[in-house]
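What follows is the residue order along each chain.
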Amino acid sequence: MSSTRRDATVLTFSPAGRVLVTVGPAAVGIALAVLLPILARWLVDVGFPVLGVVWRVLAAVDDWWKVAIQAAILAVLGVLASVEILGRSTRVTVAPTGVRLETGDSVVTVPRAEIDFVFLERGSLIILDGESRQMFHGEPQADAGPLEKTFLAYGYPWRADDPFTDLYQPWVPYSGELPVAVEAVLSARAMAVRKKAGKEAAELRGSLEKLGYAIRDDGDRQHWRPLVRS
(Lines give C-alpha, C1' and ligand atoms only; values in the text may rest on other atoms or scores of the structure.)
Protein backbone atom coordinates (compact mmCIF):
# COMPACT_ATOMS: atom_id res chain seq x y z
CA MET A 1 0.00 0.00 0.00
CA SER A 2 1.25 3.50 -0.75
CA SER A 3 0.14 6.90 0.46
CA THR A 4 1.40 10.29 -0.69
CA ARG A 5 2.03 13.10 1.78
CA ARG A 6 3.31 16.39 0.45
CA ASP A 7 6.40 15.49 -1.55
CA ALA A 8 6.90 11.90 -0.33
CA THR A 9 5.26 8.50 -0.75
CA VAL A 10 4.96 6.02 2.12
CA LEU A 11 5.03 2.34 1.20
CA THR A 12 3.67 -0.06 3.80
CA PHE A 13 1.32 -3.03 4.18
CA SER A 14 -1.96 -2.97 2.30
CA PRO A 15 -5.03 -3.16 4.62
CA ALA A 16 -5.48 -6.84 3.70
CA GLY A 17 -1.77 -7.50 4.15
CA ARG A 18 -1.72 -5.88 7.59
CA VAL A 19 -4.69 -7.98 8.71
CA LEU A 20 -2.98 -11.10 7.36
CA VAL A 21 0.24 -10.32 9.22
CA THR A 22 -1.33 -9.26 12.53
CA VAL A 23 -4.17 -11.78 12.78
CA GLY A 24 -3.23 -14.56 10.33
CA PRO A 25 -0.63 -16.50 12.39
CA ALA A 26 -2.86 -16.60 15.50
CA ALA A 27 -5.88 -17.64 13.40
CA VAL A 28 -3.88 -20.43 11.79
CA GLY A 29 -2.75 -21.59 15.23
CA ILE A 30 -6.33 -21.77 16.50
CA ALA A 31 -7.47 -23.61 13.37
CA LEU A 32 -4.67 -26.16 13.78
CA ALA A 33 -5.57 -26.65 17.45
CA VAL A 34 -9.12 -27.56 16.45
CA LEU A 35 -8.45 -29.56 13.28
CA LEU A 36 -5.31 -31.56 14.08
CA PRO A 37 -6.87 -33.63 16.92
CA ILE A 38 -9.80 -34.47 14.62
CA LEU A 39 -7.39 -35.56 11.88
CA ALA A 40 -5.32 -37.58 14.37
CA ARG A 41 -8.40 -39.42 15.71
CA TRP A 42 -9.53 -40.14 12.16
CA LEU A 43 -6.14 -41.65 11.39
CA VAL A 44 -6.47 -43.84 14.48
CA ASP A 45 -9.96 -44.95 13.43
CA VAL A 46 -8.88 -45.95 9.92
CA GLY A 47 -5.85 -47.79 11.29
CA PHE A 48 -3.28 -45.59 9.55
CA PRO A 49 -0.01 -47.57 9.83
CA VAL A 50 2.28 -44.59 10.45
CA LEU A 51 1.14 -42.93 13.66
CA GLY A 52 4.00 -41.35 15.54
CA VAL A 53 4.12 -40.01 19.07
CA VAL A 54 2.96 -36.55 17.96
CA TRP A 55 -0.17 -37.90 16.29
CA ARG A 56 -0.98 -40.05 19.34
CA VAL A 57 -0.64 -37.03 21.60
CA LEU A 58 -2.90 -34.99 19.32
CA ALA A 59 -5.46 -37.78 19.19
CA ALA A 60 -5.65 -37.64 23.00
CA VAL A 61 -6.86 -34.00 22.83
CA ASP A 62 -10.53 -35.02 22.94
CA ASP A 63 -12.09 -32.64 25.50
CA TRP A 64 -13.12 -29.05 24.82
CA TRP A 65 -10.86 -27.71 27.59
CA LYS A 66 -7.85 -29.54 26.15
CA VAL A 67 -8.60 -28.05 22.73
CA ALA A 68 -8.99 -24.62 24.35
CA ILE A 69 -5.61 -24.84 26.08
CA GLN A 70 -3.94 -26.02 22.88
CA ALA A 71 -5.64 -23.22 20.91
CA ALA A 72 -4.47 -20.63 23.45
CA ILE A 73 -0.87 -21.86 23.25
CA LEU A 74 -0.83 -21.84 19.44
CA ALA A 75 -2.55 -18.45 19.34
CA VAL A 76 0.16 -16.98 21.58
CA LEU A 77 2.83 -18.47 19.31
CA GLY A 78 0.99 -16.89 16.37
CA VAL A 79 1.00 -13.49 18.07
CA LEU A 80 4.74 -13.82 18.69
CA ALA A 81 5.22 -14.67 15.00
CA SER A 82 3.26 -11.53 14.05
CA VAL A 83 5.42 -9.40 16.34
CA GLU A 84 8.54 -10.87 14.73
CA ILE A 85 7.26 -10.14 11.21
CA LEU A 86 6.27 -6.58 12.09
CA GLY A 87 9.57 -6.01 13.90
CA ARG A 88 11.78 -7.04 11.00
CA SER A 89 9.75 -5.58 8.11
CA THR A 90 10.48 -2.10 6.78
CA ARG A 91 8.22 0.87 6.14
CA VAL A 92 9.67 2.74 3.16
CA THR A 93 9.22 6.47 2.54
CA VAL A 94 10.43 7.70 -0.85
CA ALA A 95 11.05 11.41 -1.46
CA PRO A 96 13.02 13.41 -4.03
CA THR A 97 15.76 14.07 -1.46
CA GLY A 98 16.19 10.52 -0.20
CA VAL A 99 14.68 7.36 1.24
CA ARG A 100 13.62 6.81 4.87
CA LEU A 101 13.54 3.20 6.05
CA GLU A 102 11.87 2.36 9.37
CA THR A 103 12.42 -1.16 10.73
CA GLY A 104 11.07 -1.56 14.24
CA ASP A 105 12.83 1.09 16.33
CA SER A 106 15.60 1.53 13.75
CA VAL A 107 15.48 4.37 11.21
CA VAL A 108 17.88 4.64 8.27
CA THR A 109 17.86 7.65 5.95
CA VAL A 110 19.73 7.38 2.65
CA PRO A 111 20.26 10.64 0.68
CA ARG A 112 19.29 10.49 -2.98
CA ALA A 113 22.76 11.65 -4.07
CA GLU A 114 24.32 8.50 -2.55
CA ILE A 115 22.00 5.99 -4.25
CA ASP A 116 23.19 4.34 -7.47
CA PHE A 117 21.09 1.16 -7.58
CA VAL A 118 17.81 -0.02 -6.05
CA PHE A 119 16.46 -3.53 -6.56
CA LEU A 120 14.71 -6.48 -4.95
CA GLU A 121 16.48 -9.77 -4.27
CA ARG A 122 14.56 -12.72 -2.79
CA GLY A 123 12.01 -10.35 -1.31
CA SER A 124 14.58 -7.98 0.23
CA LEU A 125 14.99 -4.35 -0.78
CA ILE A 126 18.62 -3.50 -1.48
CA ILE A 127 20.10 -0.03 -2.00
CA LEU A 128 23.69 0.33 -3.26
CA ASP A 129 25.93 3.38 -3.35
CA GLY A 130 28.38 4.44 -6.05
CA GLU A 131 30.95 1.88 -4.93
CA SER A 132 28.34 -0.92 -4.79
CA ARG A 133 28.23 -0.95 -0.98
CA GLN A 134 24.91 -1.85 0.61
CA MET A 135 23.33 1.25 2.09
CA PHE A 136 20.31 -0.84 3.09
CA HIS A 137 19.19 -4.46 3.02
CA GLY A 138 15.82 -5.39 4.50
CA GLU A 139 12.33 -6.81 3.99
CA PRO A 140 9.92 -4.10 2.79
CA GLN A 141 6.30 -4.07 3.93
CA ALA A 142 5.12 -3.12 0.43
CA ASP A 143 4.88 -5.47 -2.55
CA ALA A 144 7.28 -5.40 -5.50
CA GLY A 145 4.88 -3.62 -7.87
CA PRO A 146 4.27 -0.50 -5.75
CA LEU A 147 7.96 -0.33 -4.81
CA GLU A 148 9.14 -0.36 -8.41
CA LYS A 149 6.47 2.10 -9.54
CA THR A 150 7.23 4.57 -6.75
CA PHE A 151 11.02 4.49 -7.03
CA LEU A 152 10.80 4.99 -10.80
CA ALA A 153 8.27 7.80 -10.38
CA TYR A 154 10.75 9.69 -8.21
CA GLY A 155 13.58 9.09 -10.67
CA TYR A 156 15.55 6.54 -8.68
CA PRO A 157 17.82 4.03 -10.51
CA TRP A 158 15.59 0.96 -10.08
CA ARG A 159 16.92 -2.32 -11.49
CA ALA A 160 15.15 -5.60 -12.19
CA ASP A 161 17.86 -7.48 -10.27
CA ASP A 162 21.37 -7.15 -8.85
CA PRO A 163 23.55 -5.53 -11.54
CA PHE A 164 26.63 -7.25 -10.10
CA THR A 165 25.29 -10.81 -9.96
CA ASP A 166 27.88 -12.17 -12.40
CA LEU A 167 30.76 -10.99 -10.19
CA TYR A 168 29.87 -13.13 -7.17
CA GLN A 169 31.87 -16.25 -6.38
CA PRO A 170 31.12 -18.91 -3.77
CA TRP A 171 33.33 -18.63 -0.73
CA VAL A 172 35.72 -21.57 -0.34
CA PRO A 173 37.42 -21.20 3.05
CA TYR A 174 41.12 -20.43 2.84
CA SER A 175 41.38 -21.14 -0.87
CA GLY A 176 44.05 -18.48 -1.25
CA GLU A 177 41.82 -16.21 -3.37
CA LEU A 178 41.22 -13.67 -0.60
CA PRO A 179 43.38 -11.79 1.91
CA VAL A 180 43.75 -13.36 5.34
CA ALA A 181 41.80 -10.53 7.01
CA VAL A 182 38.86 -11.09 4.66
CA GLU A 183 38.95 -14.84 5.28
CA ALA A 184 38.79 -14.23 9.03
CA VAL A 185 35.72 -12.02 8.73
CA LEU A 186 34.02 -14.46 6.37
CA SER A 187 34.65 -17.31 8.82
CA ALA A 188 33.17 -15.32 11.68
CA ARG A 189 30.21 -14.30 9.56
CA ALA A 190 29.58 -17.90 8.42
CA MET A 191 29.17 -18.84 12.06
CA ALA A 192 26.82 -15.89 12.65
CA VAL A 193 24.69 -16.89 9.64
CA ARG A 194 24.46 -20.48 10.90
CA LYS A 195 23.37 -19.22 14.33
CA LYS A 196 20.76 -16.93 12.69
CA ALA A 197 22.46 -13.97 14.39
CA GLY A 198 21.22 -11.34 11.96
CA LYS A 199 22.62 -8.28 13.73
CA GLU A 200 26.10 -9.80 14.02
CA ALA A 201 26.02 -10.93 10.38
CA ALA A 202 25.05 -7.40 9.29
CA GLU A 203 27.90 -5.87 11.29
CA LEU A 204 30.38 -8.30 9.75
CA ARG A 205 29.01 -7.42 6.30
CA GLY A 206 29.99 -3.84 7.07
CA SER A 207 33.48 -4.99 8.08
CA LEU A 208 33.86 -6.83 4.77
CA GLU A 209 32.81 -3.75 2.82
CA LYS A 210 35.46 -1.72 4.65
CA LEU A 211 37.96 -4.31 3.39
CA GLY A 212 36.69 -3.84 -0.18
CA TYR A 213 34.32 -6.80 -0.60
CA ALA A 214 30.58 -7.32 -0.91
CA ILE A 215 28.79 -10.42 0.35
CA ARG A 216 25.59 -12.23 -0.57
CA ASP A 217 23.95 -15.19 1.17
CA ASP A 218 22.49 -18.27 -0.47
CA GLY A 219 21.02 -20.13 2.47
CA ASP A 220 24.02 -20.77 4.74
CA ARG A 221 26.51 -20.29 1.91
CA GLN A 222 28.29 -16.99 1.35
CA HIS A 223 29.18 -15.53 -2.04
CA TRP A 224 31.67 -12.67 -2.36
CA ARG A 225 32.73 -10.10 -4.94
CA PRO A 226 35.03 -7.09 -4.92
CA LEU A 227 33.41 -3.69 -4.59
CA VAL A 228 32.92 -1.95 -7.92
CA ARG A 229 32.76 1.76 -8.60
CA SER A 230 29.75 2.42 -10.85
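Residues numbered from 1 in each chain as written. Predicted model: local features only at pLDDT ≥ 70, side-chain atom pairs only at ≥ 80, totals over all residues. Heavy atoms only, no water.

Q: Is there a simple way to explain the overall build of the protein in this structure?
A: For the protein, the helix and strand inventory stands at six helices and eleven strands. Relative to the compact-globule value of 17 Å for 230 residues, the protein shows a C-alpha radius of gyration of 23 Å, a clear excess of over 25%. Its C-alpha atoms give the protein principal-axis dimensions of roughly 65 × 55 × 30 Å. Across the 230 residues that make up the protein, the buried fraction comes to 38%. Restricting to contacts in the protein with at least 6 residues of sequence separation, those with at least 24 account for 53%. Here the protein displays about 13,000 Å² of accessible surface, and carbon together with sulfur accounts for 62% of that area. If you average the places of the 25 positive and of the 26 negative side-chain charges in the protein, the two averages end up 3 Å apart. (Helix = DSSP H or I, 4+ residues; strand = E, 2+ residues; numbered from the N terminus. Rg over C-alpha atoms; globule rule 2.2 N^0.38 Å. Buried < 20%, exposed > 50% of the residue type's maximum accessible area, 1.4 Å probe, protein only. Contact = heavy atoms within 4.5 Å. Areas by Shrake-Rupley, 256 points an atom, 1.4 Å probe, with all protein chains shown as cover. Lys, Arg positive; Asp, Glu negative; His and termini not counted. Charge placed at Lys NZ, Arg CZ, Asp CG, Glu CD.)

Q: What is the right way to look at the packing of helix H5 (residues 180-194) against helix H6 (residues 198-210) in this model?
A: How two helices sit against one another is set out by the angle between their axes and by the gap between those axes. At a closest axis distance of 9 Å, the pairing of H5 and H6 adopts a crossing angle of 165°. The orientation of H5 relative to H6 falls into the category roughly antiparallel. Considering the relative orientation of H5 and H6, their crossing is left-handed. Across from Val182, Val185, Leu186, Ala188, Arg189, Ala192 and Val193 in H5, the residues of H6 making contact are Glu200, Ala201, Leu204, Arg205, Ser207 and Leu208. By residue class, the composition of the contact of H5 with H6 is nine nonpolar, one polar and three charged. (Axes fitted to C-alpha atoms, helices over the stretch in contact; angles between N-to-C directions. Parallel < 35°, antiparallel > 145°, perpendicular 65-115°, else oblique. Left-handed = near helix turned anticlockwise from the far one by under 90°. Nonpolar A, V, L, I, M, F, W, Y, C, P; charged D, E, K, R; others polar.)

Q: Sorry, what's going on with helix H3 (residues 64-88) here?
A: One turn of the α-helix equals 3.6 residues, which is why residues spaced by three or four share an orientation. With 25 residues, H3 extends 36 Å from end C-alpha to end C-alpha; this agrees with the ideal 36 Å at 1.5 Å per step. Listing the buried residues of H3 in full gives Gln70, Ala71, Ala75, Gly78 and Ser82. (Expected span 1.5 Å × (residues − 1).)

Q: When you look at the environment of Arg41 in this model, what are you seeing that I'm missing?
A: Note that Arg41 resides in helix H1 (residues 15-45). Spatially, the C-alpha atoms of Arg41 and Leu167 are 55 Å apart, while their sequence positions differ by 126 residues.

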